Amino acid sequence: MALRPPRFRPIRRDRAGLALAALAVGLLWLAIGLTIRRQFDTAADLALRETANLARILEAQVAGRIDAIDATLRFSQVLFARDPAAFSLGDWSVIGGDPETVSAVLVSPQGFALATRDGPLAEPLDLRDRPHIQAHLRDPAADRLEIGWPVRGPLSGRPIIAFSRSLRTAAGEPGGIMLLALDATLFSRLHQALDLRDGRILLVGLDGVIRARSPDGPVAPGDRLPEAAMTPFRAGLVERTDVRSSALDGTPGFATWRRVAGYPLLVTVRLAADRVLAESRRYRLQWLGLGALFTLLTAGLCGAVARMRRMERASRAALEGTFAHVGHGIMMVDAAGRVVLANARVSDMLGLPPGLMVPGRPLEEIIRWQEAAGEYGSRAPPEHLASQDPSHGAAPYIWERTRPDGTVLEIRVDHLPDGGFVRSWTDVTEARRTAAAIAAARDAAVAARAALSAAFEQAPLGIILLGADHRVEIMNSLAVALLDLPPALAVPGTPGAEILRLQLARGDLAAQPELELDARHAIADGDVPDRAYVRPSRDGRLLEIRGRHLADGRVIRTYADISERQAALRQQQAAQAAAASALRSRSEFLATVSHELRTPLHAVIGFAEVLLQQQPGPAQAASLREIESAGRQLLALVDDILEVARLEQGRLTLRETAFDPAATLRELAGPAAARAAARGLRFTLELDPALPAEAFGDAGRLRQVLVKLLDNAVKSPPPGASG
């Protein structure tokens, strides 16, 4: 929106005075003198106002940038306190998002740089000579932002300004220092954005040390200003505008010194007097040169007024352009509560209609319109009106508000010495959502890792989980015990190669050269083989080790103590060998006894048959037949024992010959019928007409099976069977 330029009353001349030459000349020179003086005073006043406005803009930009850096540092404090062991600059994506941040450095509690976001340093870098590091080392318990002197970064090689905060564990113990380095050339870009041409801006600490300046000059960053220039600001002065010679190079100029709210810093905007008063000096020469001519005097006065108006419009246009390009909504209100100026971002962020946010409109009228539009639900919160009260003093007044559309705005009010104030709006919606999402994701990851670690601890195996970078992520206590690892290696983050180097140095793998070779290849290539193997441990136990690559590039290794299992296996094998030996002995004994018994049995049966052929008496014949039957039964029993021995020794053979199944069955039917009759049973043989006349097989084995079945049937008849 356009800013309304102030109205200047045109200088009017009474042309009637041309008749009076003397009076006209006197009035002419009086007007010339007054005009020249007013020109110089106006140029000086405009220059001082411009430096004051630019200083406030510069202070807001510097404070905003430092606020963002400090928020990042505080975020690092929260992450470190949550889990110091898992804190890693490589996974801290928030740092990499700011192009002005040259580097992020993790400093040990002793003052040595240990790591950057690119990873751990090969050698710790001594930073104890830096004043801001010394401040942390002197008071490690203090939680304050330290701003270092400008130096050339030892890691980046670029001019930097360091910002740092102490890190502490959840128990409050010192854990180190988090350091962010800001590109010092940022000030040069701010100088270009303000379009100061031959103007100069400085960033100075309350200690008098120049942190940055633009453009370069005879006094460089790191030089110190006189103590007299710093004393008023140390005593609480917020802003000072003056016209004097520079304390740096002695050149006169118009300058505004302003304290950066909340930080021990000053910003300075200085315009050289030669540049500010150049136009006035030229006008003075023109007025003096043209003073003799009345008509030219009038034309010169009109031209001077026109040029004055153009200068003011140009100055205000530059200020408006700066406001328009600031990412925040900014509004300036005077002591009467009326809008002085506001950039377009205010109407965009608050959803105001065109024409409402214009210079001269009371702020209360704008707030009432917001109430009617339902911006606050019913009535505006008291702080929206109370923030206009100058009793708040110089301290910034900050709060947050959520609009009906869900946008979260951070509102800041800075009071001005004249009773007015500057109000700014910053859209922090995405920042809050991102922070909440990051915190939730990290909490979920921590919980999942804790659950996985607990599950690993309950497992009956030693387990090590290596990340895709071949560093230990999880190691349970059983793995530490089985591998006999020292405490220094039994922590997350340990490179897997270090564990292998320890095992090679102790000779854990010396008994198996192929394992030593695999370990050396794994150290060189960073890869872990998948194959399983068994090796002895240092205390004599037998370990079974297996490895598996996961889909995400991680590797899981398991370690099982199989000493007892191997001992049980050996005992089982010994028992099986003993049982086999006993079985062989028994089989050999049975075979021997069977052969020894068959010879006398054959003799008994033979003699009984011979005696039966000699026509014995009935009683003798009956006895001989009993002897023959008993002998044959005993011979069958011996044959069975011999068959069992052959089965146990695996020597049972079958003789395949052609035989008549019907004849074989009839041979078995006679003895079976006699035995059944002796038991009072009736035995009947019924042959199927479809039975073949000839079959191929072992007829002797078939007889043995059928005899056993018939004997069992005679000995154990079914219930109810009778003769």
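None of the values given here were measured: they were computed from a predicted structure.

## Quick word on the confidence of the model for the chain
Here is step 1: Looking at the chain as a whole, its pLDDT mean stands at 77, while 80% of the residues score no less than 70.
Here is step 2: The weakest mean pLDDT in the chain belongs to helix α2 (residues 93–96) at 49; the strongest belongs to strand β4 (residues 146–147) at 88.
Here is step 3: Taken together, the stretch residues 1–20 has pLDDT below 50 and engages in 28 contacts with residues farther than four places along the chain or on a different chain.

## Examining the packing of helix α14 (residues 496–506) against helix α15 (residues 513–525)
A pair of packed helices can be characterised by two numbers: the angle between their axes and the separation between those axes.
Here is step 1: Where α14 contacts α15, the axes come no closer than 9 Å and their chain directions differ by 145 degrees. You can see that α14 and α15 cross each other, and the crossing is left-handed. Residues Ala-497, Leu-500, Arg-501 and Leu-504 of α14 form the contact with α15, whose own contacting residues are Glu-516, Ala-519, Arg-520, Ala-522 and Ile-523.
Here is step 2: Split into classes, the residues belonging to the contact of α14 with α15 amount to six nonpolar, no polar and three charged.

## Looking at the packing of aromatic side chains
Here is step 1: In total, this model carries two aromatic pairs according to the counting rule given.
Here is step 2: Their ring planes at 75 degrees and their centres at 5.6 Å tell us that Phe-80 and Phe-87 sit as a pair that is edge-to-face.
Here is step 3: On the basis of relative accessibility, which here comes to 7%, the residue Phe-80 falls in the buried class.
Here is step 4: Directly above the aromatic system of Trp-257 lies the positively charged group of Arg-240, at a separation of 5.5 Å from the ring centroid.

## Section: the pairing of strand β3 (residues 119–126)
Here is step 1: As paired elements, strand β2 (residues 112–116) and β3 share four bridges and run antiparallel to each other. Looking at the pairing, Thr-116 lines up with Gly-119 of β3.

## Description of the nonpolar core
Here is step 1: Core analysis: the biggest nonpolar cluster contains 32 residues, and Phe-163 and Met-178 have the highest contact counts within it.
Here is step 2: For this core, the secondary-structure elements that each account for two or more residues are α1 (21–82), β1 (101–107), β6 (159–168), β7 (174–183), β8 (200–205) and β12 (265–272).
Here is step 3: Apart from residues lying up to four places away in sequence, Phe-163 is in contact with Ile-66, Ile-69, Leu-73, Leu-145, Glu-146, Ile-147, Met-178, Leu-179, Leu-180 and Leu-182.
Here is step 4: Met-475, Leu-485, Leu-504 and Tyr-533 belong to the second largest nonpolar core, which has 22 residues in total.

## A look at the pairing of β8
Here is step 1: Within β8, six of the six residues are buried, leaving the element largely enclosed by the surrounding structure.
Here is step 2: The two faces of β8 match: Arg-200, Leu-202 and Val-204 on one face and Ile-201, Leu-203 and Gly-205 on the other face are all buried.
Here is step 3: Note that β8 and β12 share six bridges and pair antiparallel. Bridge pairing in β12 links Gly-205 to Leu-265.
Here is step 4: Pairing geometry for β8 and strand β9 (residues 210–214), over four bridges, is antiparallel.

## Describing the sheet that holds strand β16 (residues 408–415)
Two strands in a sheet stick together by hydrogen bonds in their backbones, pointing the same way (parallel) or opposite ways (antiparallel).
Here is step 1: Judged by pairing direction, the sheet is antiparallel, and its five strands sit side by side in the order β14-β13-β17-β16-β15 without closing on themselves. Two strands lie at the open edges of the sheet, namely β14 (339–342) and β15 (397–402), each paired on one side alone. In this sheet, neighbouring strand axes are inclined to one another by 20 degrees on average, regardless of whether the strands run parallel or antiparallel.
Here is step 2: Pairing of β16 with strand β17 (residues 421–427) involves seven bridges; the strand directions are antiparallel. Looking at β17, one finds that Arg-412 is bridged to Ser-424.

## Here's the deal with a nonpolar patch on the surface
Here is step 1: Side chains of Leu-27, Leu-30 and Leu-34 sit close together on the surface and give an oily, nonpolar patch of about 290 Å² of accessible area.
Here is step 2: In this fold, Leu-27 is placed in helix α1.

## Observations concerning the sheet that holds strand β22 (residues 555–561)
Here is step 1: Strand order in the open sheet formed by five strands is β19-β18-β22-β21-β20, with antiparallel pairing between adjacent strands. Where the open sheet ends on each side, the last strands, each with one partner, are β19 (472–475) and β20 (533–536). The mean angle between the axes of side-by-side strands here comes to 20 degrees, regardless of whether they run parallel or antiparallel.
Here is step 2: Where strand β18 (residues 462–466) and β19 come together, three bridges link them in antiparallel fashion.

Calculation notes
Residues numbered from 1 in each chain as written. Predicted model: local features only at pLDDT ≥ 70, side-chain atom pairs only at ≥ 80, totals over all residues. Heavy atoms only, no water. pLDDT = per-residue confidence, 0-100. Helix = DSSP H or I, 4+ residues; strand = E, 2+ residues; numbered from the N terminus. Contact = heavy atoms within 4.5 Å. Axes fitted to C-alpha atoms, helices over the stretch in contact; angles between N-to-C directions. Left-handed = near helix turned anticlockwise from the far one by under 90°. Nonpolar A, V, L, I, M, F, W, Y, C, P; charged D, E, K, R; others polar. Phe/Tyr/Trp six-rings, centres within 6.5 Å; stacked < 30°, edge-to-face > 60°. Buried < 20%, exposed > 50% of the residue type's maximum accessible area, 1.4 Å probe, protein only. Lys NZ or Arg CZ within 6 Å of the ring centre and 35° of its normal. Pairing = 2+ DSSP bridges. Core = buried A, V, L, I, M, F, W, Y, C linked by side-chain atoms within 4.5 Å. Patch = residues over 30% accessible without salt bridge, like charges linked within 9 Å, V, L, I, M, F, W, Y side chains within 5 Å. Areas by Shrake-Rupley, 256 points an atom, 1.4 Å probe, with all protein chains shown as cover. Salt bridge = Lys/Arg side-chain N within 4 Å of Asp/Glu carboxyl O.

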